[in-house]
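Close look at the chain arrangement
Listed below, chain by chain, are the residues.
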Amino acid sequence: MIQVENLVKKYGNHTAVDDLSFTVEKGQIYGFLGPNGAGKSTTMNIMTGYIAASSGTVTINGYDILKEPVKAKQCIGYLPELPPLYTDMTVWEYLMFVAELKKIPRDVRAGHVEAIIGKMQLDDVEERLIKNLSKGYKQRVGLAQALIGYPEVIILDEPMVGLDPKQIIEMRDLIKSLSEEHTVILSSHILSEISAVCDHIMIISKGKLVASGSPEDLQNMMQVKIELEMTVLGDTAQAEEVLKQMEQIESYTFEDAEEENSIKIRIATKDNIDIRKELSVALSGAGLPILSMNRLEKSLEDIFLELTDVQGEDEDDEKEDADNDSNL
């Protein structure tokens, strides 16, 4: 559906997008995740033909965005971070205007717009001026304009910025419903937004793609060792005698536990082996009852922080702003 190859975008001496390549398959929700200034919006602007790349190619449904821009853009619906709204129009007037711009035939235009208004749950506000709508409804109107013409690809840049918790949940549901008929790409610097709706996550740092996969794939990729944390009734010497006999254990540490006459043990295993059953049998057999046992895994937050240098990104963000200002 979308093929991005060796994409580079430079602003003066600053490289906002650095040799980025990825493929987007049909019918899924893809998420661009990265700190502010990582290159997400720049990449989306290039993919939609809004700005030109310094080098590299973007192909949308077989059409090169630079060589065949009209055909490529017909396949895309785009909602930028700031929705392109004419606030002195009503919702109906604005969407009819967008439909005309996108060359929806006159005889089906009204029905087309009405169907999208229903899909975006805008029926109650279609006759109201856009400037009088809440932030949440304005985002819905922005999403509705992206859907005009039913493009195969919907690209959403930070679609939940500024929404309250209730509006965020509503927007998530709308985005999930779009995947039934469209391929969706959305960007965010907030992990919970991406993990809640996306089938596939691409983590970008300093303009580079540093990880790509499903949420489960990313966790498995970063989960080098299984770690167990347990509380055992007994003393350190007894527990150590048992742990020394288990070859699957790579390392272990002890610390005091809150329960009286108990210890807390943290264990790392070799080769990602799950030894909970064997460990339970061994400790119980040695007269060391297990009061609790937890398997510790890296969360997506841990992975995100490990793969991205947030402080470095903030510095790059400031540099990009300065370079952009110097190029105006």
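Described below are features of the structure shown in this document. Every value quoted in this text rests on a predicted model; they were computed, and no experiment measured them.

Our focus in this paragraph is the sheet that holds strand S4 (residues 55-60). An order of S2-S1-S4-S5 is seen for the 4 strands of this open sheet, with the pairing classed as antiparallel. Each edge of the open sheet is held by one strand with a lone partner, namely strand S2 (14-24) and strand S5 (63-64). The pairing of S4 with S5 spans 2 bridges and is classified as antiparallel. The residue bridging isoleucine 60 from the neighbouring strand is tyrosine 63, located in S5. Each of strand S1 (2-11), S2 and S4 touches helix H1 (residues 40-47); the most contacted strand, S1, lies at about 120 degrees to it.

With that settled, consider empty space enclosed by the protein. Under the criterion given, the structure shown has 1 cavity of 30 Å³ or more. Estimated volume of the largest cavity: approximately 30 Å³. Around the largest cavity, the lining residues are Gly136, Arg140, Leu163, Gln167, Glu170, Met171 and Leu174. Where the lining of the largest cavity is concerned, the elements lending two or more residues are helix H5 (135-147) and helix H6 (165-178). Top element by residues in the lining of the largest cavity is H6. It accounts for 4 residues.

Taken as a whole and judged by the stated rule, the model has 4 aromatic pairs. Each ring, one from tyrosine 86 and one from tyrosine 94, has its centre 6.3 Å from the other, and the planes form 55 degrees; the classification is tilted. Classification of tyrosine 94 by relative accessible area gives buried; the value is 2%. Aromatic pair tyrosine 252 and phenylalanine 254: ring centres 5.5 Å apart, planes at 65 degrees, arrangement edge-to-face. Taken together, the ring pairs in this structure connect Tyr86, Tyr94 and Phe97 into an aromatic cluster. We note lysine 9 situated over the ring of tyrosine 11; from NZ or CZ to the ring centre the distance is 5.4 Å.

Non-glycine residue aspartate 19 carries a positive phi angle of around 55 degrees. As for its position among the elements, aspartate 19 is in strand S2. Take aspartate 19: its relative accessible area is 44%, and that puts it in the partly exposed class. Even without glycine at this site, lysine 206 takes up a positive phi of about 55 degrees.

What follows concerns H6. For H6, built from 14 residues, the straight-helix expectation of 20 Å at 1.5 Å per residue is met to within 8% by its first-to-last C-alpha distance of 20 Å. Residues Gln167, Ile168, Met171, Leu174, Ile175 and Leu178 constitute the buried set of H6. Take H6 and look down its axis: the buried residues cluster within an arc of 125 degrees, on one side only. Within H6, the exposed residues directed more than 90 degrees away from the buried face are Pro165 and Lys166. Buried residues belonging to H6 abut strand S3 (29-33), helix H4 (106-119), H5, strand S7 (153-157) and strand S8 (183-188). At the N-terminal end of H6, a side-chain oxygen is found 3.1 Å from the backbone nitrogen of lysine 166, two or three residues along, and the residue is aspartate 164.

Another aspect to go through is the packing of helix H3 (residues 91-101) against H4. Contact geometry of H3 with H4 gives a least axis separation of 10 Å together with a crossing angle of 125 degrees. As the angle between them shows, H3 and H4 are arranged oblique. Like other packed secondary-structure pairs, H3 and H4 cross with a definite hand, here right-handed. Contacts from Trp92, Leu95, Met96, Ala99 and Glu100 of H3 reach H4 at Arg109, Ala110, Val113, Glu114 and Ile117. Here the contact of H3 with H4 is built from residues that sort into 7 nonpolar, no polar and 3 charged.

Examined against the element boundaries, serine 187 turns out to sit in strand S8. Here serine 187 is in contact with Phe32, Lys40, Met44, Leu156, Asp157, Glu158, Pro159 and Ile194, once residues within four sequence places are set aside.

It is worth spelling out the layout of surface pockets at this point. Of the pockets and cavities examined, the largest pocket occupies roughly 950 Å³. Considering the residues around the largest pocket, the lining is formed by 29 residues, among which Lys73, Ile76, Tyr78, Lys102 and Gln145 are closest to the centre. Tallying contributions element by element places H3 first for the lining of the largest pocket, with 4 residues. Grouping the constituent residues of the lining of the largest pocket by class yields 16 nonpolar, 8 polar and 5 charged.

Read from one edge of the open sheet, 4 strands run S12-S13-S11-S14, paired in antiparallel fashion. Single-partner strands in this sheet number two, and they are strand S12 (249-256) and strand S14 (290-296). The mean inter-strand angle of the sheet, taken between neighbouring strand axes irrespective of direction, is 20 degrees. In this sheet, S14 lies alongside strand S11 (residues 227-233) in antiparallel orientation, the contact comprising 6 bridges. When the sheet's bridge partners are listed, glutamate 227 is paired in S14 with leucine 296. Sheet strands touched by helix H9 (residues 236-244): S12 and strand S13 (262-269). Its angle to S12, the strand with the most contacts, is close to 170 degrees. Lying on the sheet, helix H10 (residues 276-285) is in contact with S11, S12, S13 and S14; it crosses S14 at an angle near 160 degrees.

Criteria and cut-off values
- Residues numbered from 1 in each chain as written.
- Predicted model: local features only at pLDDT ≥ 70, side-chain atom pairs only at ≥ 80, totals over all residues.
- Heavy atoms only, no water.
- Pairing = 2+ DSSP bridges.
- Helix = DSSP H or I, 4+ residues; strand = E, 2+ residues; numbered from the N terminus.
- Contact = heavy atoms within 4.5 Å.
- Axes fitted to C-alpha atoms, helices over the stretch in contact; angles between N-to-C directions.
- 1 Å grid on protein atoms, 1.4 Å probe; cavity = no way out; pocket = protein on both sides within 12 Å on 5 of 7 lines; lining within 4 Å.
- Points joined across faces, edges and corners; volume = space filled by probe spheres on them.
- Phe/Tyr/Trp six-rings, centres within 6.5 Å; stacked < 30°, edge-to-face > 60°.
- Buried < 20%, exposed > 50% of the residue type's maximum accessible area, 1.4 Å probe, protein only.
- Lys NZ or Arg CZ within 6 Å of the ring centre and 35° of its normal.
- Expected span 1.5 Å × (residues − 1).
- Arc of directions from axis to C-beta.
- Polar contact = N/O pair within 3.5 Å; in protein donor to acceptor, adjacent residues only side chain to side chain.
- Parallel < 35°, antiparallel > 145°, perpendicular 65-115°, else oblique.
- Left-handed = near helix turned anticlockwise from the far one by under 90°.
- Nonpolar A, V, L, I, M, F, W, Y, C, P; charged D, E, K, R; others polar.

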